[in-house]
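Here's the letter readout for the chains.
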Amino acid sequence: MTKQRKAIALISGGLDSLLAAKVVQEQGVLVEGINFFTGFCVEGHTHAIRKRDRARPKRNNALWVAEQLGIRLHIVDIVEEYKEVVFNPRHGYGANLNPCLDCKIFMVKKAHEWIREHDFDFIITGEVVGQRPKSQRKDTMPVVARESGADDLLLRPLCARNLPPTRPEREGWVDREALYDFSGRSRKPQMALAARFGFEDYAQPAGGCCFLTDAQYSAKLTDLWQARGEKRYELDDIMLLKVGRHLRPAPHFKVIIAREEGEVNYLKGYRGQYVNLAPVSHSGPLALIDGAASDADLRLAARLVARYSKGRAAPEVEVEVRQPGGGVHTLKVSPMPPGEIPAEWML
Amino acid sequence: MKRVVLDARRLLCPMPVIRVQDRVAGLSPGTELEAVCTDPGVLNDIPAWCRVNGHTVVETRTEGDEYIVVIRVEPTG
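These figures come from a predicted structure and were not determined experimentally. (Residues numbered from 1 in each chain as written. Chains lettered and ligands numbered in written order. Predicted model: local features only at pLDDT ≥ 70, side-chain atom pairs only at ≥ 80, totals over all residues.)

(A) View of the overall build of chain A. In terms of regular secondary structure, chain A is built from 12 helices and 11 strands. For chain A, the C-alpha atoms occupy an extent of roughly 80 × 40 × 35 Å along the three principal directions. Going through the 347 residues of chain A one by one, you find that 45% of them count as buried. Long-range pairs, those at least 24 residues apart, make up 65% of the contacts in chain A between residues at least 6 apart in sequence. (Helix = DSSP H or I, 4+ residues; strand = E, 2+ residues; numbered from the N terminus. Buried ≥ 20, exposed ≤ 12 C-beta atoms within 10 Å, placed from the backbone. Contact = placed C-beta atoms within 7 Å.)

Given below as structure tokens:
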């Protein structure tokens, strides 16, 4: 009796990984999915924060893909281990702080560890030669296989016929002739294959699946590192970079001001960790202070908060300042006119 | 029936799902896990996770700003 072969598919939630897993599944291989959470993933949670986005469907695309395929999905928290990839990418950053090639190597390496622990045979990714400028080029694909340690246990079903045969192909675990030879940035072959499989409602992420590809987000992360004097972050730091207006009036502190009710509710969860301000004489946003602010700094922060409150045109706004330990005092301040807020404060 | 509570407040998806997944791995079949969350995304994501991994959603409810999902751990291959 032929041994049932088992593969783990890296599932991002996008179309390519869905198709890659499906192609192998169709060949009788038992496929399970693995999805890695780095902390920078662009997922439904940003919609969950912002109230105006709450009407949008909130689904985890990786879980949705697993449901379409009828496979189990293992979601792995790699937030801590991933820091080294972000801090020191051997192959450098992309246009922003995106370490795409190192990221792919790291994820395939984690998948390789997983298959060894769980007695699976090989790894599937949805990579396509020429699809991405850094991580999915003909010359970098062997780098991913080699540096991850997966070597020829890494199968890319969508472009396998453009690459040397891997062990699953050589050993007959999968039929190479039933794999594909996609290449380049065109999405048409994938869309045609999706139609053939009957997939219609797949995710089409605009701007990638990672906040590190975003210029504004990368600028805020760079600012965080500069302020701290070193490349360092915790999960809360990188989550907060996704929320609110960030203004840095001085190197030693910044003000994070909620932009709407959903963000107010989210920032409320951090009141026990950060000095926080909110107007009390007028309705207005909650703000957090990141850093060690002096009394003068807090007064300045209160003026900024007042500027974004309903009292922005009033001569004076009362702003409550709460310490994480419970101390509360109120400042009476004049809202800072928008023209007086230096552009370089806005991150 | 044994029921355990998981505090996943203030976590954004997929972290509550990961916490549920990791806690379920250490629970016996038949145990109920009550996840208390503040991200409304869990109302979709935890049931989806249960469907793909073979566990049962017993109840979902909203209490003020909190979203509670109760699942029953099923025997899985």
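(B) Quick look at the environment of A:R5. Residue and element names in this part refer to chain A. Mapping R5 onto the fold places it in the segment before β1 (6–10). For the pair R5 and P338, spaced 333 residues apart in sequence, the C-alpha separation works out to 63 Å. Excluding residues that lie within four positions of it along the chain, R5 makes contacts with V29, D121 and W173.

(C) Focus on the sheet that holds β1(A). Residue and element names in this part refer to chain A. Read from one edge to the other, the open sheet built from 5 strands follows the order β3-β2-β1-β4-β5, with strand pairing classed as parallel. The open sheet has two free edges, formed respectively by β3 (73–77) and β5 (154–155), since each of these has just one partner strand. Bridging between strand β4 (residues 122–124) and β5 involves 2 bridges; their strand directions are parallel. Pairing of I123 across the sheet is with L154, part of β5. (Pairing = 2+ DSSP bridges.)

(D) How the structure looks around the sheet that holds strand β2 (residues 32–37) of chain B. All names here are of chain B. With mixed pairing, the 4 strands of this open sheet are ordered in space as β1-β2-β4-β3. The open sheet has two free edges, formed respectively by β1 (3–8) and β3 (56–63), since each of these has just one partner strand. Adjacent strand axes in the sheet meet at a mean angle of 15° when their direction is disregarded. In this structure, β3 lies alongside strand β4 (residues 66–72), joined through 7 bridges in antiparallel fashion. Bridging from a neighbouring strand, V57 pairs with I71 of β4. (Axes fitted to C-alpha atoms, helices over the stretch in contact; angles between N-to-C directions.)

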